Amino acid sequence: MKRRTATVLTTVLAVAAASTAAFFALPASAETAAFAVQSTWNNGYQAQVTVNNNTSSPISTWKVELTFPAGTTVSQSWNATQAGSGSTWTFTPAGWNATIAAGASTSFGLIVNGTGRPTGCLVNGQACTGTTNPSPSVSTPPAGGGTPVQVNGQLRVCGTKLCNESGQAVQLKGMSTHGLQWFPNCYTDASLDVLAKEWSADLLRISMYVQEQGYETDPAGFTNRVNNLVEEATERGMYALIDFHILTPGDPAYNLERAKTFFAQVSARHANKKNVIYEIANEPNGVSWAQIKNYADQVIPVIRGNDPDGVVIVGTRGWSSLGVSEGSNSSEIVNNPVSASNVMYAFHYYAASHKDNYRAEVERAAASLPLFVTEFGTVTYTGDGAVDVAGSNAWFDLLDRLKIGYANWTYSDASEGSAAFKPGTCNAGSFSGTGSLTESGALVRNRIRA
Ligand code: IDC
């Protein structure tokens, strides 16, 4: 009804403008605002408000006022300046998005604590004519709309999800390298072109082992290799996940000084990029969550000092099993999270080894923690053996439903069941198509392309 009124007024204004000087002030009803819930969790949700300028002239600023029922509050917002408390919250432009061109719109996002939807909405003092949409509508990057980084831009953690620059939840799907020290011929221009174009991967996880002939043997050389692969991912519009691949010893404190040095260098080098994600400890094991948190609380500030908006992923107890593989669970993290925001927690699984009890814990944890599966295999935890198709599909379905991103171990031709390519593929340089894929590679490629 109001939308019709605005259209009629707009037409009148346009006619007036054409014949005489447009001396009318724009009617406030020419703006509308739509409130849409994008994702929900236990006791909160994420919403997006779109402010539309339905007129044929630019508007120079806007203000949206939302009223929530008692017990529901706004905890954070982006692309807007938020003010208020109690039941009424006001959102004004972030600075760069005050002007809205004729017929254009702008949007901002917010995280709401509590389950109540707005009971009132005003835009520039008039009732919003947008509809309240109570059903979650989480979007994934549109196919064919540019590279993953062009579509999504700088990522940020929003509630329990990973969101793109415009506040929409995204699920990134991609591949992990094997150890850079062992498979240099697997990460070439040709193989990365195939990963980006044929596999449509959103991300490349760059696995830099610290021990086992890795970083500790040549810090400058490995830092350089990681930097080069970040550049290669960037050229192809993929996100780059920098994995500080600690494994044995499992106490991340053993590598604390190396981690600080390494992350200081890579975060300085890539600070201005939108596509870099930092994974600071692959698989802590044999240590408490408190020890892992202590490590994270020392490494994250080093990264943030250079790259304040980069998402950081923290490994979890028991080989990044959220503690399950060492008899614990995610509650220890929920009760004692790391001392930083914009952080996610890693979960790893190998489908033939990690079954329903692990899936149940991921589902439970995902209600309170932002999770990223930075490594998984279709086989057993040894990285070898037969592909567990049913188990892999159960995991894929769960991750898709929860919008949890993932990287598969490995984009390599290692002689083990988890490798995506048959042995000899990397030296031959024959990455294109399906002829060189293993059973695991074929299964994972299909899911990533889907
Ligand atoms: C395995 C590789 C294997 C290599 C070994 C060395 O697949 O070729 O010899 O590392 O340590 C992980 C680890 C990852 C393991 C993988 C499979 O993050 O480094 O790779 N795995 O065992 N966690 C669970 C399984």
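Here is a short report on the structure shown in this document.

Criteria and cut-off values
- Residues numbered from 1 in each chain as written.
- Predicted model: local features only at pLDDT ≥ 70, side-chain atom pairs only at ≥ 80, totals over all residues.
- Heavy atoms only, no water.
- Disulfide = S-S within 2.5 Å.
- Core = buried A, V, L, I, M, F, W, Y, C linked by side-chain atoms within 4.5 Å.
- Buried < 20%, exposed > 50% of the residue type's maximum accessible area, 1.4 Å probe, protein only.
- Contact = heavy atoms within 4.5 Å.
- Helix = DSSP H or I, 4+ residues; strand = E, 2+ residues; numbered from the N terminus.
- Near = heavy atom within 4 Å.
- Polar contact = N/O pair within 3.5 Å; in protein donor to acceptor, adjacent residues only side chain to side chain.
- Areas by Shrake-Rupley, 256 points an atom, 1.4 Å probe, with all protein chains shown as cover.
- Nonpolar A, V, L, I, M, F, W, Y, C, P; charged D, E, K, R; others polar.
- Expected span 1.5 Å × (residues − 1).
- Salt bridge = Lys/Arg side-chain N within 4 Å of Asp/Glu carboxyl O.
- Arc of directions from axis to C-beta.
- Axes fitted to C-alpha atoms, helices over the stretch in contact; angles between N-to-C directions.
- Parallel < 35°, antiparallel > 145°, perpendicular 65-115°, else oblique.
- Left-handed = near helix turned anticlockwise from the far one by under 90°.

## Looking at the state of the cysteines
1) Next: Counted according to the given criterion, the structure contains three disulfides.
2) Next: The side chain of C121 participates in a disulfide bridge whose partner is C128; the two sulfur atoms lie 2.0 Å from each other. Its torsion about the S-S bond being -70°, the disulfide of C121 and C128 is classed as left-handed.
3) Next: Each sulfur in the disulfide pair C158 and C163 lies 1.9 Å from the other. Judged by the sign of its S-S torsion, about 70°, the bond between C158 and C163 is right-handed.
4) Next: The cystine pairing of the protein chain, numbering bonded cysteines in sequence order, is 1-2, 3-4, 5-6.

## Notes on the nonpolar core
1) Next: Of all hydrophobic cores here, the largest spans 85 residues; its most connected members are W199, F263, I280 and V314.
2) Next: Ignoring anything within four residues of it in the chain, the contact list for I280 reads F244, F263, Y295, A296, V299, I300, I303, V312, I313 and V314.
3) Next: Grouped together as the second largest cluster of nonpolar side chains are 22 residues, A33, W62, V64 and L66 included.

## Comments concerning the side chain of R445
1) Next: Positionally, R445 belongs in helix α12 (residues 439-449).
2) Next: Residues within four places of R445 in sequence aside, it is in contact with E198, W199, G433, T434 and L437.

## Describing the site of the ligand
1) Next: Taken together, 15 residues lie around the ligand, and Y209, H245, E283, Y381 and E416 are the ones closest in.
2) Next: Between the ligand and the protein, one listed contact pairs an oxygen atom with a side-chain N or O atom of Y209 at 2.7 Å.
3) Next: Contact between the ligand and E375: an oxygen atom at 2.9 Å from a side-chain N or O atom of the residue.
4) Next: Coverage of the ligand by the protein chains reaches 78% of its 500 Å² of free accessible surface.
5) Next: Considering only residue class, the shell around the ligand consists of six nonpolar, five polar and four charged.

## Quick notes on helix α6 (residues 289-306)
1) Next: Here α6 contains 18 residues, and its C-alpha end-to-end distance of 26 Å stays within 8% of the 26 Å for a straight helix at 1.5 Å per residue.
2) Next: Turning to α6, its buried residues number three or more, namely W289, I292, K293, Y295, A296, V299, I300, I303 and R304.

## Considerations on the pattern of salt bridges
1) Next: For the structure shown, the criterion picks out 21 salt bridges.
2) Next: Residue R359 pairs with D356 through a salt bridge whose shortest N-O separation is 2.9 Å. With a gap of three residues between them, R359 and D356 both fall in helix α9 (residues 356-366), about one helical turn apart.
3) Next: When its relative accessible area of 13% is taken as the criterion, R359 is described as buried.
4) Next: E363 is paired through a salt bridge with R401; the nearest N and O atoms lie 2.9 Å apart.

## Structural notes on α9
1) Next: What α9 keeps buried is the set Y358, R359, E361, V362, A365 and A366. Here the buried residues of α9 occupy an arc of 160° about the axis, which is enough to place them on one side.
2) Next: In this fold, the buried residues of α9 make contact with β18 (343-350), β19 (371-377) and α10 (389-402).

## What about the packing of helix α4 (residues 219-235) against helix α5 (residues 256-270)?
1) Next: α5 packs onto α4 with a crossing angle of 30° between their chain directions and a minimal axis gap of 11 Å. What the angle tells us is that α4 and α5 run roughly parallel. The two elements α4 and α5 cross, and the hand of that crossing is right-handed. From α4, T223, V226, N227, V230 and E231 reach across to α5, where they touch F262, Q265, V266, R269 and H270.
2) Next: Across the contact of α4 with α5, the residue classes break down as four nonpolar, four polar and two charged.

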